[in-house]
Amino acid sequence: VQLQASGGGLVQAGGSLRLSCAASGRTVSVYSMGWFRQAPGKEREFVAALNWSVFGTNSADSVEGRFTISRDNAKNTVYLQMNSLKPEDTAVYYCAAGGYVGRSVRRIPSAYNYWGQGTLVTVSS
């Protein structure tokens with residue numbers, strides 16, 4: 001499975017960006033997808049995740065109400081709509097995919113088998 005993330009860029013605080021992550025290859029093995037981010041000098045942290053065939057998502061407290069994860073099953077693509085961006089949202093954003101990832105472990109990077117290359121989001125104050 002290959003993951004191609006795109007959509008990052010430079011935006012002012014309060015602005016919006018939409019990230020995309022397209023999955024290709026053996027996508028039949030993918031059931032869960034998520035977004036993580038890593039700021040300089042910090043560990044990779046969970047942002048949001050969902051499963052392909054079950055409605056319901058979960059998000060980190062720090063982005064709840066501002067970021068929305070969604071999917072387009074026909075395109076094997078997951079999106080991350082980011083609104084009301086803050087300087088502290090600045091990071092490299094990675095998409096991840098795996099088999100079934102239960103809600104209790106969805107926030108753990110090692111629960112995912114595949115990772116995209118990352119896309120940089122910079123929020124200026």
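Described in the following lines is the structure provided in the data block.

Section: the overall build of the protein chain
Right, on to step 1. What the protein chain contains, in helices and strands, is zero helices and 11 strands.
Right, on to step 2. In the protein chain, the succession of α and β elements from N to C terminus is β-β-β-β-β-β-β-β-β-β-β.
Right, on to step 3. Its C-alpha atoms give the protein chain a radius of gyration of 13 Å, within 12% of the compact-globule value 14 Å for 125 residues.
Right, on to step 4. Over its C-alpha atoms, taken along the principal directions, the protein chain stretches across nearly 40 × 25 × 25 Å.
Right, on to step 5. Taking all 125 residues of the protein chain together, the buried fraction comes to 44%.
Right, on to step 6. Within the protein chain, residue pairs in contact and separated by at least 24 positions form 58% of the contacts whose partners lie at least 6 positions apart.
Right, on to step 7. Summed over its atoms, the accessible surface of the protein chain is roughly 6,300 Å², and 49% of this surface lies on carbon and sulfur atoms.

Focus on the environment of S59
Right, on to step 1. Position of S59 among the secondary structure elements: in strand β6 (residues 57–59).
Right, on to step 2. Relative accessible area serves as the criterion here: at 10%, S59 is assigned to the buried category.
Right, on to step 3. Sequence spacing of S59 and R71 is 12 residues, and the spatial spacing of their C-alpha atoms is 14 Å.
Right, on to step 4. When neighbours within four sequence positions are excluded, S59 is seen to be in contact with F46, V47, A48, E64, F67 and R107.

Digging into the state of the cysteines
Right, on to step 1. Under the counting rule described, the total for this entry stands at one disulfide.
Right, on to step 2. Shown here is the disulfide that connects C21 with C95, its sulfur atoms set 2.1 Å apart. Every disulfide takes its handedness from the sign of the S-S torsion; for C21 and C95 that torsion is 60 degrees, giving right-handed. One end of the pair, C21, is in strand β3 (residues 17–24); the other, C95, is in strand β9 (residues 91–98), and 74 residues separate them in sequence. Comparing C21 with C95, the two get one shared label, buried.

Things to note about the side chain of R66
Right, on to step 1. Along the chain, R66 falls in the loop between β6 and β7 (67–72).
Right, on to step 2. When sequence neighbours within four positions are dropped, the list of residues in contact with R66 reads Q81, M82, N83, S84, L85, K86 and D89.

Some details on the nonpolar core
Right, on to step 1. Of all hydrophobic cores here, the largest spans 35 residues; its most connected members are M33, W35, V47, F67, L80, M82 and Y93.
Right, on to step 2. Looking at this core, the elements that each hand over two or more residues are β1 (2–6), β3, β4 (32–38), β5 (45–51), β7, β8 (77–82), β9 and β11 (119–124).
Right, on to step 3. Sequence-distant contacts of V47, that is, excluding residues within four places in its chain, are made with W35, F36, R37, N58, S59, A60, V63, F67, L80 and Y93.

Criteria and cut-off values
Residues numbered from 1 in each chain as written. Predicted model: local features only at pLDDT ≥ 70, side-chain atom pairs only at ≥ 80, totals over all residues. Heavy atoms only, no water. Helix = DSSP H or I, 4+ residues; strand = E, 2+ residues; numbered from the N terminus. Rg over C-alpha atoms; globule rule 2.2 N^0.38 Å. Buried < 20%, exposed > 50% of the residue type's maximum accessible area, 1.4 Å probe, protein only. Contact = heavy atoms within 4.5 Å. Areas by Shrake-Rupley, 256 points an atom, 1.4 Å probe, with all protein chains shown as cover. Disulfide = S-S within 2.5 Å. Core = buried A, V, L, I, M, F, W, Y, C linked by side-chain atoms within 4.5 Å.

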